[in-house]
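# What the coordinates show
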Amino acid sequence: MPTVFELIRDGEIPSRKIYEDDVCFAILDISPRAKGHTLVISKEVYPTVADAPEEVTGHMMEIVKKIDRKMRKVLNADGTNVIINNSPASGQEVPHLHIHVLPRFNGDGLSFFPPVQSYEDGEADKLLELLKI
């Protein structure tokens with residue numbers, strides 16, 4: 001069954017497309033967390049960022065940068081959030097690579113991070129060794 005993003009890509013579901021090329025397209029999110037909330041979506045289906053080729057993710061980030069600059073210029077955004085949710089545990093609702101770009105304004109009250117946690121004694125060092133690349 002196709003993802004909602006495939007249906008949008010193929011024109012079967014309408015969207016407000018602000019960009020498109022051979023690799024990706026960008027649309028205004030239908031349920032924005034901030035006015036101007038944009039999704040940069042790969043044309044090919046990759047469930048997560050780890051599944052996509054580097055040339056695809058690199059290209060998508062170039063488009064994210066262009067959108068970021070545009071939001072700062074025309075919306076006078078004070079900043080942006082650039083978010084990729086990978087898998088349902090992270091909040092990903094559509095298993096198709098997409099990058100959220102949200103314009104942010106000083107004092108807008110939005111927050112996207114879970115509460116701060118702390119490490120037990122020695123736990124950070126163990127994770128350091130496990131996660132080194």
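Note: the structure precedes this text.
Quick caveat, the model's predicted, so the values are computed rather than measured. (Residues numbered from 1 in each chain as written. Predicted model: local features only at pLDDT ≥ 70, side-chain atom pairs only at ≥ 80, totals over all residues. Heavy atoms only, no water.)

### What about the pattern of salt bridges?
Going through the model one piece at a time under the given rule, you end up with eight salt bridges. A salt bridge links Arg9 to Glu6; the nearest nitrogen and oxygen atoms lie 3.9 Å apart. Remark: Glu6 and Arg9 occur in helix 1 (residues 4-9); sequence separation between them is three residues, near one turn of the helix. Ionic pairing is found between Lys132 and Glu129, a salt bridge with its closest N-O pair at 3.3 Å. Accessibility assignment for this pair places Lys132 and Glu129 in one class, exposed. Salt bridges sharing common partners tie together Glu6, Arg9 and Asp10. (Salt bridge = Lys/Arg side-chain N within 4 Å of Asp/Glu carboxyl O. Helix = DSSP H or I, 4+ residues; strand = E, 2+ residues; numbered from the N terminus. Buried < 20%, exposed > 50% of the residue type's maximum accessible area, 1.4 Å probe, protein only.)

### Notes on a nonpolar patch on the surface
On the surface, a nonpolar cluster with roughly 470 Å² of combined accessible area is contributed by Tyr119, Leu127, Leu130 and Leu131. Tracing the backbone shows Tyr119 in the loop between strand 5 (98-104) and helix 3 (123-131). (Patch = residues over 30% accessible without salt bridge, like charges linked within 9 Å, V, L, I, M, F, W, Y side chains within 5 Å. Areas by Shrake-Rupley, 256 points an atom, 1.4 Å probe, with all protein chains shown as cover.)

### Section: the nonpolar core
By size, the foremost hydrophobic cluster in this structure holds 15 residues, and its most contacted members are Val40, Met60, Ile67 and Val101. Only strand 2 (24-28), helix 2 (54-74) and strand 5 provide two or more residues apiece to this core. In terms of residue count, helix 2 provides more of this core than any other element does, six residues in total. What Met60 contacts, discounting residues up to four positions off in sequence, is Cys24, Val40, Ile41, Ser42, Leu97 and Ile99. (Core = buried A, V, L, I, M, F, W, Y, C linked by side-chain atoms within 4.5 Å. Contact = heavy atoms within 4.5 Å.)

### Overview of the sheet that holds strand 1 (residues 17-20)
What the five strands build is an open sheet, ordered 1-2-3-5-4; its pairing is antiparallel. Looking along the sheet, the strands with just one partner apiece sit at the ends: strand 1 and strand 4 (79-83). Adjacent strand axes in the sheet meet at a mean angle of 15 degrees when their direction is disregarded. Both strand 1 and strand 2 contribute to a ladder of three bridges, which runs antiparallel. For Tyr19, the partnering residue across the bridge sits in strand 2 and is Ala26. (Pairing = 2+ DSSP bridges. Axes fitted to C-alpha atoms, helices over the stretch in contact; angles between N-to-C directions.)

### Here's the deal with the side chain of Gln92
Position of Gln92 among the secondary structure elements: in the loop between strand 4 and strand 5. Overall, Gln92 belongs to the buried group, its relative accessible area being 8%. A polar side-chain atom of Gln92 sits 2.8 Å from the main-chain carbonyl oxygen of Pro47. Here Ser87 takes part through its backbone nitrogen, which lies 2.5 Å from a polar atom of the side chain of Gln92. When residues no more than four places from it in sequence are discounted, the contact partners of Gln92 are Pro47, Thr48, Asn85, Asn86, Ser87 and His98. (Polar contact = N/O pair within 3.5 Å; in protein donor to acceptor, adjacent residues only side chain to side chain.)

### Some points on the environment of Asp78
Turning to its location among the elements, Asp78 is positioned in the loop between helix 2 and strand 4. Sequence separation of Asp78 and Lys132 is 54 residues, and the distance between their C-alpha atoms is 34 Å. At a separation of 2.7 Å, a polar atom in the side chain of Asp78 contacts the main-chain amide nitrogen of Asn106.

### Looking at the side chain of His96
When you line up the elements, His96 lands in the loop between strand 4 and strand 5. On the basis of relative accessible area, His96 is assigned to the buried category, the value being 0%. In terms of polar contacts, His96 uses its side chain to reach the backbone carbonyl oxygen of Ser42, at 2.7 Å. In this structure His96 touches Thr3, Phe5, Glu6, Ile41, Ser42, Lys43, Glu44, Val45, Tyr46 and Pro47, once residues within four positions along its chain are discounted.

So, to be careful, I would describe these as geometric facts and stop short of saying anything about function.
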